[in-house]
Amino acid sequence: MSPRCSTVGVLKVLLDGLPRPGLAGVPAVTVVTANEAAQAAATERHLRELLGQLGAVVAGPGLVALERHLVGSHDLVDEYVARLLSVGLSEYLGERLAVGVPG
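Small disclaimer: the values here were computed from a predicted structure and weren't measured.

Draft legend 1. Representation of the pairing of strand S2 (residues 57-66) in the model. The buried fraction of S2 is high, at seven of 10 residues. Remark: the strand S1 (residues 27-34)/helix H2 (residues 37-53)/S2 crossover connection has right-handed handedness.

As C-alpha cells, then:
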C-alpha cells in the first residue's frame, strides 16, 4: 500500500466519524498534492465539496501543488499565503463566519 492510499484511508475514517455537519462554521483551506495538474484540480474540487457538505467555511482558492514542485516548498507556501491575504481572506472568512454562510 502506498503512502498516498494510507493518507486517503485515514482521512476517510476521520470524516466518516464526524457527525453531520461536523465542521459547521470551521474555517478550512484545501491542500492537495498530486503528480498531474488535472488530478490535483479534480482532487481539490472534490475535497472542497466534501468540506462544504460537512459545514466548513472553505476558503478559496486552495493550495494545489504538483509533487515535482515540493522541493523547497517553503516558497510555495509563502506565495500561497501572500495570495490569499492579497484578496482579503481575513475579511472574507470573517464575514462568512459571522453570517453562517455554508462553505
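Draft legend 2. Molecular detail of H2. With 17 residues, H2 should cover 24 Å at 1.5 Å per step; its first-to-last C-alpha distance of 24 Å lies within 8% of that length. Taken together, the buried positions of H2 are occupied by Ala-40, Glu-44, Leu-47, Leu-51 and Gly-52. One side of H2 carries all its buried residues, which in axial view fall inside an arc of 135°. Residues of H2 that are exposed and point over 90 degrees away from its buried face: Ala-38 and Gln-53.

Draft legend 3. Spatial organisation of the nonpolar core. In terms of nonpolar packing, the biggest core is built from 12 residues, these being Leu-15, Leu-23, Ala-28, Val-32, Ala-34, Ala-40, Leu-47, Leu-51, Leu-54, Ala-56, Val-58 and Leu-66. Looking at this core, the elements with two or more residues in it are S1, H2 and S2. In this structure Leu-66 touches Ala-34, Asn-35, Glu-36, Ala-37 and Ala-40, once residues within four positions along its chain are discounted.

Draft legend 4. Examining the confidence of the model for the protein chain more closely. Predicted confidence across the protein chain gives a mean pLDDT of 75, with 76% of residues reaching 70 or more. Here helix H4 (residues 89-99) stands out as the least confident element of the protein chain, with mean pLDDT 51; H2 is the most confident, with 88. Scored below 50 in pLDDT, residues 95-103 shows 14 contacts in the model against residues more than four places distant or in partner chains.

Draft legend 5. Representation of the pattern of salt bridges in the model. As enumerated under the stated definition, the model contains two salt bridges in all. Of the charged contacts, one joins Lys-12 and Asp-16 as a salt bridge, the two residues approaching to 2.4 Å between their closest N and O atoms. With Lys-12 and Asp-16 both in helix H1 (residues 3-16), this residue pair falls four residues apart, about one helical turn. Exposure remark for Asp-16: the relative accessible area of 46% places this residue in the partly exposed category. For Glu-44, the salt bridge goes to Arg-48, with nearest N and O atoms at 2.6 Å. Of this pair, Glu-44 and Arg-48 both sit in helix H2, four residues apart, which is roughly one turn of that helix. On the basis of relative accessibility, which here comes to 23%, the residue Arg-48 falls in the partly exposed class.

What counts and how
- Residues numbered from 1 in each chain as written.
- Predicted model: local features only at pLDDT ≥ 70, side-chain atom pairs only at ≥ 80, totals over all residues.
- Heavy atoms only, no water.
- Buried < 20%, exposed > 50% of the residue type's maximum accessible area, 1.4 Å probe, protein only.
- Helix = DSSP H or I, 4+ residues; strand = E, 2+ residues; numbered from the N terminus.
- Right-handed = clockwise from strand over helix to strand, strands pointing away.
- Expected span 1.5 Å × (residues − 1).
- Arc of directions from axis to C-beta.
- Core = buried A, V, L, I, M, F, W, Y, C linked by side-chain atoms within 4.5 Å.
- Contact = heavy atoms within 4.5 Å.
- pLDDT = per-residue confidence, 0-100.
- Salt bridge = Lys/Arg side-chain N within 4 Å of Asp/Glu carboxyl O.

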